[in-house]
Amino acid sequence: MKRFFPFLLLLSFSTGFAQKTAKTNVLLIGTYHFNNPGFDQGKVKERNILDNENQEALEQITAKIIKKYKPNKIFVEYYFSEGKRLNELYSLYKNDKPFYQSDTIKKDFYKRFYSENEIFQFGFRLAKKSGNDSIYAIDYDEVPIRFDLLRSKLAENKVLNYADYEAKIAELSDYMNFCLEPKKLQEVFLRLNSPKQYELNKGLYISFLNRINQSPDFFGPDLAAAWYKRNLIMYANIQNQVSETDKNIVIIVGAGHAAMMEDFIKNDERFRLIRVDQVF
């Protein structure tokens with residue numbers, strides 16, 4: 001009997017380990033900012049998320065996500081430090097009450113933010129239809145990313161110049177606008193989450209900005225590292241809000257963040273990446 005005991009112990013341990021390491025499905029959705037605030041380096045054309053066609057598309061998209069991967073948690077690009085406030089707004093929305101008063105908001109930016117942004121139009125809608133009690137904030141932007149110094153640093157560079165940077169931004173902007181061209185919102189999301197879009201977004205930092213590499217400040221690597229750091233902090237905010245009982249989660253972030261997070265998810269032993277083209 002003794003000779004079988006180690007095998008039984010190993011089998012018991014292996015079974016328990018398998019149960020603890022069941023992967024969480026992570027549906028990663030890179031999006032454009034529905035309210036088009038114009039903060040990104042590349043500029044994109046307007047697209048009215050409030051028109052009937054796009055509203056119907058959001059209903060169809062959320063229905064497909066729920067049918068295939070009813071999410072336990074939805075993560076959105078809202079400041080992590082203000083998660084309590086986000087859930088106060090969500091609680092109103094979930095209970096069919098107005099979560100903002102447009103007549104009390106003076107700045108047009110905030111009127112568009114609350115009425116159009118993907119956090120509310122997509123994230124809130126999906127969370128409510130999924131029956132979720134909460135929604136989860138992840139954003140963090142307190143990492144200095146010194147684009148304001150880029151022109152002067154490139155003026156000192158012997159290989160690259162600011163015109164090269166503008167050409168890279170134009171290439172990325174052109175492709176982002178190509179992604180926004182289709183009438184169907186589903187097709188927009190498929191293009192935004194394509195390998196091409198992810199490669200262009202990451203490539204700007206790796207193939208261009210990281211090369212601005214002069215001692216002693218190593219500006220380019222510092223700038224690229226700052227972008228990675230911001231995204232890693234956002235990703236940590238996701239990791240630390242996922243429990244072992246969560247079978248399916250959805251992350252809704254700007255397409256540039258999604259390009260980074262795809263790699264993080266692929267290398268995270270807790271998670272299984274689900275691509276947009278696997279759902280809709």
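In this text the structure is predicted, and so the values were computed from the model without any measurement.

1. Some remarks on the overall build of the protein
Here comes step 1: Along its length, the protein carries 11 helices and 5 strands.
Here comes step 2: Here the C-alpha coordinates of the protein stretch approximately 80 × 55 × 35 Å along the principal axes.
Here comes step 3: Residues classed as buried in the protein amount to 46% of the 280 residues present.
Here comes step 4: A separation threshold of at least 6 residues defines the contact pool for the protein, and within that pool the share at least 24 residues apart is 81%.
Here comes step 5: Of the roughly 15,400 Å² of accessible surface on the protein, a fraction of 52% belongs to carbon and sulfur atoms.

2. A short note on helix 2 (residues 52-69)
Here comes step 1: Here helix 2 spans 26 Å end to end across 18 residues, near enough to the 26 Å set by a 1.5 Å rise per residue.
Here comes step 2: Where helix 2 is buried, its residues meet strand 1 (24-31), helix 5 (118-129), helix 8 (185-192), strand 4 (248-254) and strand 5 (271-274).

3. Quick notes on the sheet that holds strand 1
Here comes step 1: Across the sheet, 5 strands lie side by side as 3-2-4-1-5; this open sheet has parallel pairing. With partners counted over all chains shown, the strands left at the sheet margins are strand 3 (136-139) and strand 5, one partner each. If you compare each strand with its neighbour and ignore which way they point, the axes differ by 30° on average.
Here comes step 2: As paired elements, strand 2 (residues 73-79) and strand 3 share 3 bridges and run parallel to each other. Opposite Val76, over in strand 3, you have Ala137 as the bridge partner.
Here comes step 3: Where helix 5 meets the sheet, it contacts strand 1, strand 2 and strand 4, and its direction lies at approximately 160° from that of strand 2.

4. Comments concerning the side chain of Thr24
Here comes step 1: Looking at the secondary structure, you find Thr24 in strand 1.
Here comes step 2: A polar atom in the side chain of Thr24 sits 2.7 Å from the backbone oxygen of Asp246.
Here comes step 3: Discounting chain neighbours no more than four positions away, the residues touching Thr24 are Val242, Ser243, Asp246, Lys247, Asn248, Ile249, Arg270, Phe271 and Arg272.

5. Overview of the nonpolar core
Here comes step 1: Among the nonpolar cores identified, the biggest contains 81 residues, and Ile65, Phe122 and Met261 are the most heavily contacted of them.
Here comes step 2: Those residues in contact with Met261, other than ones at most four positions away along the chain, are Leu28, Ile138, Asn231, Met234, Tyr235, Ile238, Ile251 and Val253.

6. Considering the packing of aromatic side chains
Here comes step 1: Inspection of the entire model under this criterion finds 23 aromatic pairs.
Here comes step 2: Relative to Trp227, the ring of Tyr205 has its centre 5.3 Å away and its plane inclined at 10°; by these criteria the two rings are stacked. Placement of Tyr205 in helix 9 (residues 195-208) and of Trp227 in helix 10 (residues 219-239) is noted, with a sequence separation of 22 residues between them.
Here comes step 3: What makes Tyr205 buried here is its relative accessible area of 8%.
Here comes step 4: Among the aromatic side chains, those forming a connected cluster through ring pairs are Tyr90, Tyr93, Phe99, Tyr100, Phe109, Tyr110, Phe113, Tyr114, Phe120 and Phe124.
Here comes step 5: Above the plane of the ring of Tyr162 lies Arg151, whose end atom (NZ or CZ) is 3.9 Å from the centre.
Here comes step 6: Between the NZ or CZ atom of Arg191 and the centre of the ring of Phe178, over which it lies, the distance is 3.9 Å.

7. Comments concerning the pattern of salt bridges
Here comes step 1: This model, assessed by the stated rule, comprises 16 salt bridges.
Here comes step 2: Residue Lys128 pairs with Asp96 through a salt bridge whose shortest N-O separation is 2.3 Å. Residue Lys128 is found in helix 5, and its partner Asp96 is found in the loop between helix 3 (83-94) and helix 4 (108-116); the two are separated by 32 residues along the sequence.
Here comes step 3: Relative accessible area serves as the criterion here: at 64%, Asp96 is assigned to the exposed category.

Calculation notes
Residues numbered from 1 in each chain as written. Predicted model: local features only at pLDDT ≥ 70, side-chain atom pairs only at ≥ 80, totals over all residues. Heavy atoms only, no water. Helix = DSSP H or I, 4+ residues; strand = E, 2+ residues; numbered from the N terminus. Buried < 20%, exposed > 50% of the residue type's maximum accessible area, 1.4 Å probe, protein only. Contact = heavy atoms within 4.5 Å. Areas by Shrake-Rupley, 256 points an atom, 1.4 Å probe, with all protein chains shown as cover. Expected span 1.5 Å × (residues − 1). Pairing = 2+ DSSP bridges. Axes fitted to C-alpha atoms, helices over the stretch in contact; angles between N-to-C directions. Polar contact = N/O pair within 3.5 Å; in protein donor to acceptor, adjacent residues only side chain to side chain. Core = buried A, V, L, I, M, F, W, Y, C linked by side-chain atoms within 4.5 Å. Phe/Tyr/Trp six-rings, centres within 6.5 Å; stacked < 30°, edge-to-face > 60°. Lys NZ or Arg CZ within 6 Å of the ring centre and 35° of its normal. Salt bridge = Lys/Arg side-chain N within 4 Å of Asp/Glu carboxyl O.

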